[in-house]
Amino acid sequence: MNSVKVGIAGLGTVGSGTVNVLKRNADEIARRVGRPIQITHIGARRDNPACELGDDVRVSRDVFEVARDPDVDILVELIGGTDDARELVLTAIRNGKHVVTANKALIAEHGNEIFTEAHSRGVDVAFEAAVAGGIPILKSLGEGLAANHINWLAGIINGTGNFILTEMRDKGRAFDDVLKEAQELGYAEADPTFDVEGIDAAHKLAIIASIAFGIPLQFSRVFTEGISQLTTEDVVAAEQFGYRIKHLGIAKDTGKGIEMRVHPTLIPQEVLLASVNGVMNAIMIDGDAVGPTLFYGAGAGAEPTASAVVADIIELGRALTADHDERVPYLGFHAESMSEAPVLAMEDVVCSFYVRMHVYDKPGVLADVTRILSENGISIEALQQKDPEDSDTASIVMMTHRVQEKNMNRALTEISALDAVRDNIVRIRVETLDA
Ligand code: HSE
């Protein structure tokens, strides 16, 4: 029986993991696909001692050789970045190859173009590994939960950020120190600002939201706020109110449009997501038929990510002989049936807030603050004032009831202008994740 011929471009952490999983589980994978998977061609700038290649594998230093090789059915793009990766994937598609990629930035930013090209050539593009590493979240949404109208989803989809927040809370460690460790562990992006400023999570959220709601990929419409401004003071204060700060990607169908946002979020300590610690990822999905579901696992690392890459190779290997229109559509919905639901502006989002400010400790300040909140229709749920000894500064921490973002912005601008306010006001959105 003919084997499925696979070419891999990029032999870094995920590339070597993919080679090792394909080799180790070759028999079982062949039984699942119905024929063997054979790595015929590797494109890599250098060898990787983490994996051994057989003598029958062609090795090229130019990855484009793999995309043009007639002896490749499926190109696996693992070079990362967007410019070369886009060119490589389009070259493979134009040469009639199916594509598997783990590249979230590529799909989030160029996916619409890539799918259009792939559709016109009758080939498939699969990208399970682009989101949450080993957690099969895209297949779950596009297939396992395909019966549902998805109401909302919320996920911890950046392991580095979650690791930093966990260490800050549990051990009181400094931000930079923890980030350095995440880099040493190989979890952080090449540019770690992608992790801490939420860009990596926004790439992933744009992809998940498209598959959840059948909207085109709209990375530029994701509201993105990172964790670099969070302080231990806020982490501790959130705990005192019964909440935990997590960096979440949230997508909701409000009925008027889709919310897509990535930001630090206070969530109740008792919800399962609050217990997802370290570099682990987890995504909660609420569907109208299934109710709340939770998917948990490793969001990065050689073999967890390879698990998703190889699953895509298996899926495409099984489907090689089927017409491409009969397979699962790229974004789970057929291209001609995509929704035109607008992505909502952040100003229209409604949620509760945690607000913390440092003010001069003198009569009338709290009255001024609460007057401004009230004039903007903001109701306080809980309030705590701490007056450190030997200081003329008080820390006011409060939780509000639900309010439109626009009103909160206006109130915070007015409060910031008070003479008594000493530095930047911190505001963190609150989600109760009720299903
Ligand atoms: N930098 C990413 C993370 C790797 O920390 O989750 C996986 O996308």
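Predicted model, so just to flag it, every value in this text is computed and none were measured. (Residues numbered from 1 in each chain as written. Predicted model: local features only at pLDDT ≥ 70, side-chain atom pairs only at ≥ 80, totals over all residues. Heavy atoms only, no water.)

1. Observations regarding the packing of helix α6 (residues 137-144) against helix α10 (residues 199-213)
Relative orientation of the contacting elements α6 and α10 amounts to 10 degrees, with a least axis distance of 9 Å. With respect to their mutual orientation, α6 and α10 come out roughly parallel. Counting all contacts with α6, which are made through Leu138, Leu141 and Gly142, the residues of α10 involved are Ile207, Ile208, Ile211 and Ala212. Residues of the contact of α6 with α10, tallied by class, amount to six nonpolar, one polar and no charged. (Axes fitted to C-alpha atoms, helices over the stretch in contact; angles between N-to-C directions. Helix = DSSP H or I, 4+ residues; strand = E, 2+ residues; numbered from the N terminus. Parallel < 35°, antiparallel > 145°, perpendicular 65-115°, else oblique. Contact = heavy atoms within 4.5 Å. Nonpolar A, V, L, I, M, F, W, Y, C, P; charged D, E, K, R; others polar.)

2. Thoughts on a negative patch on the surface
On the surface, Asp323, Asp325, Glu326 and Glu336 cluster together into a negatively charged patch. Mapped onto the secondary structure, aspartate 323 falls in the loop between α12 (302-319) and β13 (350-360). (Patch = residues over 30% accessible without salt bridge, like charges linked within 9 Å, V, L, I, M, F, W, Y side chains within 5 Å. Areas by Shrake-Rupley, 256 points an atom, 1.4 Å probe, with all protein chains shown as cover. Salt bridge = Lys/Arg side-chain N within 4 Å of Asp/Glu carboxyl O. Lys, Arg positive; Asp, Glu negative; His and termini not counted. Charge placed at Lys NZ, Arg CZ, Asp CG, Glu CD.)

3. Notes on helix α1 (residues 13-24)
Given a rise of 1.5 Å per residue, twelve residues ought to cover 16 Å, and the 16 Å separating the end C-alpha atoms of α1 matches this to within 8%. Regarding α1, the residues found buried are Gly15, Ser16, Gly17, Thr18, Val19, Val21 and Leu22. (Expected span 1.5 Å × (residues − 1). Buried < 20%, exposed > 50% of the residue type's maximum accessible area, 1.4 Å probe, protein only.)

4. Side note on the sheet that holds strand β4 (residues 74-77)
Strands pair in a sheet through their backbones, by hydrogen bonds, and they do so in one of two ways: parallel or antiparallel. Across the sheet, which stays open at both edges, the six strands sit in the order β3-β2-β1-β4-β5-β6 with parallel pairing between neighbours. The two strands at the open ends of the sheet, each matched to only one other strand, are β3 (58-60) and β6 (125-126). In the sheet, strand β1 (residues 4-9) pairs with β4 via four bridges, with the strands oriented parallel. Counterpart to isoleucine 8 in the pairing with β4 is valine 76. Of the strands in this sheet, β1 and β2 (37-43) are in contact with α1, which crosses β2 at around 160 degrees. (Pairing = 2+ DSSP bridges.)

5. As for helix α5 (residues 104-121)
Relative to the 26 Å expected for 18 residues at 1.5 Å per residue, α5 spans just 22 Å between its end C-alpha atoms, considerably shorter than the ideal helical length. The principal kink in α5, of about 80 degrees, is found at histidine 110. Its side-chain oxygen placed 3.3 Å from the backbone nitrogen of alanine 105, asparagine 103 serves as the N-cap of α5. One or two positions beyond α5, positive phi appears at glycine 122, with a value near 70 degrees. (Bend = angle between axes of the 7 residues up to and from the residue. Polar contact = N/O pair within 3.5 Å; in protein donor to acceptor, adjacent residues only side chain to side chain.)

6. Looking at the site of the ligand
Residues in contact with the ligand, as listed here, are Lys104, Asn158, Gly159, Thr160, Tyr187, Ala188, Glu189, Asp195, Asp200, Lys204, Gly299 and Ala300. Separating a nitrogen atom of the ligand from a backbone N or O atom of tyrosine 187 is a distance of 2.7 Å. Between the ligand and aspartate 195 there is a distance of 2.8 Å, counted from a nitrogen atom to a side-chain nitrogen or oxygen. Taken by itself the ligand offers 260 Å² of open surface, and the protein chains cover 92% of this. (Near = heavy atom within 4 Å.)

7. A short note on the domain arrangement of the chain
As assigned here, the chain comprises domain 1 (4-134 + 302-337), domain 2 (137-298) and domain 3 (347-430). On a C-alpha basis, the centres of domain 2 and domain 3 stand 26 Å from each other. Summed over both sides, the interface of domain 2 with domain 3 buries roughly 1400 Å², with 58% coming from carbon and sulfur. If you look at where domain 2 meets domain 3, you find three salt bridges. With its nearest N and O atoms 2.9 Å apart, the salt bridge here joins arginine 356 to aspartate 234. Taken together, the links from domain 2 to domain 3 amount to eight residue pairs in polar contact (both at pLDDT 80 or more). (Domains from an automatic or database assignment. Buried area = accessible area lost by both parts, 1.4 Å probe.)

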